[in-house]
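What the coordinates show
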Amino acid sequence: MAKIYSASTTAPVNIATLKYWGKRDTKLNLPTNSSISVTLSQDDLRTFTTAAASEAFTKDTLWLNGTEESVTGARTSACLAELRALRKSLEDADPSLPPLSTYKLHIVSENNFPTAAGLASSAAGFAALVRAIADLYELPQSAEELSRIARQGSGSACRSLFGGYVAWEMGEKEDGSDSRAVQIATETDWPDMRAAILVVSAKKKETSSTTGMQTTAKTSPLFKHRVEVVVPERFKVMSKSILDKDFETFGQLTMADSNQFHAVCLDSSPPVFYMNDVSRNVISLIEKVNNLAGRVVAAYTFDAGPNAVLYYLEKDEPIVLGLLKAALPDLDGWQNKATVSAAVPDGVSEDMYDSLKDGVSRIILTGVGPSPQKIAESLVDESGLPKSA
Ligand SMILES: Nc1ncnc2c1ncn2[C@@H]1O[C@H](COP(=O)(O)OP(=O)(O)OP(=O)(O)O)[C@@H](O)[C@H]1O
Ligand SMILES: C[C@@](O)(CCOP(=O)(O)OP(=O)(O)O)CC(=O)O
């Protein structure tokens with residue numbers, strides 16, 4: 001039997017605090033504005049991917065959560081072609097290397113959270129795919145260089161190649177060579193950032209990010225002002241707030257940018273709706289809590305779906321988790337937080353937090369985390385097929 005070469009990685013989800021929304025090039029996923037995100041811990045949410053290559057394999061195959069998925073789509077094909085070209089140049093320079101660039105690939109991947117439900121599965125998924133194949137091919141390219149490849153799988157995936165606090169610099173060049181992710185700060189530079197994800201819906205969303213952002217870019221009159229005026233200024237101030245560990249500014253901008261992203265969605269024709277009544281109740285509740293405290297205790301943000309992500313600092317866990325426990329005492333997710341007791345700030349009425357009860361199905365308590373991690377465990381068996389199959 002021909003030898004099977006393989007490499008495995010886990011990769012994180014990232015949730016943007018300054019949103020990517022709009023493309024200037026749909027094929028290369030070149031954005032109309034720069035964006036910023038926080039990479040979340042892989043202890044809670046992660047993609048696990050094994051990439052294998054062998055002379056014995058007859059076609060490129062991807063198994064995602066046990067089901068065979070197409071690899072012929074433009075996005076996956078673009079990633080595979082670029083990675084193979086980089087491997088080929090290594091083989092050309094050193095003919096003693098096994099010719100992995102000519103072998104078919106078997107890629108086995110598992111997300112430990114719902115796929116295509118607005119929990120950034122495509123970001124973790126494409127970051128893991130690119131990282132695992134780059135490791136399999138022993139490519140010398142940096143995470144920044146690999147981020148340009150992951151970007152072509154899904155724009156937000158470029159940011160998942162780094163841990164901590166990450167910027168995707170939009171770049172200017174037509175070929176996209178300067179549109180890549182860079183790290184603003186590591187997870188240890190500002191380690192006390194926490195995130196609570198309130199899963200409002202784990203269903204596949206109606207309007208994909210790709211379609212929604214094209215509608216906005218084409219039709220929203222507010223969009224031009226956002227990308228030309230608002231985001232460039234916010235990018236500078238938010239980057240500085242991260243370096244200064246200034247949660248007040250970071251949180252205010254995070255909420256403002258989520259709201260503006262959903263405003264340009266509403267300003268599109270036809271309008272695109274991602275938030276629902278439960279999402280809006282979360283916003284009102286957090287605004288109220290911050291107002292009563294006279295500072296930003298927690299910052300909400302929503303992607304292309306109704307799920308809420310709350311960012312807060314570890315020191316404010318008693319306030320944020322106390323409130324969430326009062327609102328959502330019976331959900332999965334409290335296992336590691338047995339010591340948290342329900343506590344509602346004075347001035348927050350029962351009906352304000354009670355409104356969350358019916359709409360939130362799961363809570364994920366996590367925090368800032370590191371870049372993709374290489375691991376020894378593999379998802380393929382000795383014949384190169386998924387172990388679970
Ligand atoms: N582990 C993975 N490996 C490879 N591709 C994946 C993986 N996970 C998800 N994807 C790809 O990403 C697609 C889902 O992307 P989509 O943007 O619709 O949802 P999402 O990323 O969960 O939501 P959002 O980007 O709005 O947060 C899947 O259909 C699949 O093609
Ligand atoms: C709202 C967002 O989450 C949009 C993410 O869009 P995708 O990266 O999923 O879009 P494609 O590039 O078309 O794959 C904001 C963000 O993550 O910055």
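Residues numbered from 1 in each chain as written. Chains lettered and ligands numbered in written order. Predicted model: local features only at pLDDT ≥ 70, side-chain atom pairs only at ≥ 80, totals over all residues. Heavy atoms only, no water.

The next thing to look at is the site of ligand 1. Residues in contact with ligand 1 amount to 17 residues; listed here are only the nearest, Ser109, Ala120, Ser121, Ser122 and Lys205. In the model, an oxygen atom of ligand 1 is placed 2.9 Å from a nitrogen or oxygen of the Ser121 side chain. Ser209 places a side-chain nitrogen or oxygen 3.0 Å from an oxygen atom of ligand 1. Bound to the protein, ligand 1 loses 82% of the 640 Å² it would expose on its own. Listing elements by their share of the shell around ligand 1, those giving two or more residues are strand E9 (104–111) and helix H2 (121–136). It is H2 that contributes the most residues to the shell around ligand 1, 3 residues altogether. Taken together, the residues that form the shell around ligand 1 break down as 6 nonpolar, 9 polar and 2 charged. When residues are assigned to domains, the shell around ligand 1 turns out to be shared by domain 1 (4–186) and domain 2 (193–367), each giving three or more. (Near = heavy atom within 4 Å. Polar contact = N/O pair within 3.5 Å; in protein donor to acceptor, adjacent residues only side chain to side chain. Areas by Shrake-Rupley, 256 points an atom, 1.4 Å probe, with all protein chains shown as cover. Helix = DSSP H or I, 4+ residues; strand = E, 2+ residues; numbered from the N terminus. Nonpolar A, V, L, I, M, F, W, Y, C, P; charged D, E, K, R; others polar. Domains from an automatic or database assignment.)

The subject of this paragraph is the sheet that holds strand E10 (residues 165–169). Read across the sheet, 4 strands follow the order E2-E5-E10-E11 without closing on themselves; strand pairing throughout is antiparallel. Taken across any chain shown, the strands that pair with only one partner, and hence form the sheet edges, are strand E2 (14–18) and strand E11 (180–185). Averaged over all neighbouring strand pairs, the angle between strand axes comes to 35°, with direction disregarded. Relative to E11, E10 runs antiparallel, the two sharing 5 bridges. Within E11, the position partnered with Trp168 by the bridge is Ala181. Helix H6 (residues 247–266) contacts E2 and strand E5 (35–39) of the sheet and is inclined by roughly 95° relative to E2. (Pairing = 2+ DSSP bridges. Axes fitted to C-alpha atoms, helices over the stretch in contact; angles between N-to-C directions. Contact = heavy atoms within 4.5 Å.)

With that settled, the discussion passes to the site of ligand 2. Ligand 2 sits among 18 residues. The nearest are Tyr20, Lys23, Ser154, Ser156 and Thr210. Measuring from an oxygen atom of ligand 2, one finds a side-chain N or O atom of Tyr20 at 2.6 Å. Here Thr210 contributes a side-chain N or O atom positioned 2.7 Å from an oxygen atom of ligand 2. A total of 460 Å² of accessible area belongs to ligand 2 in isolation, and the protein chains cover 94% of it. By residue number, the principal contributor to the shell around ligand 2 is helix H4 (residues 209–219), which donates 3 residues. Split by residue class, the shell around ligand 2 holds 6 nonpolar, 7 polar and 5 charged. Two domains each provide a minimum of three residues to the shell around ligand 2, namely domain 1 (4–186) and domain 2 (193–367).

Function-wise, these values are silent; they only describe arrangement.
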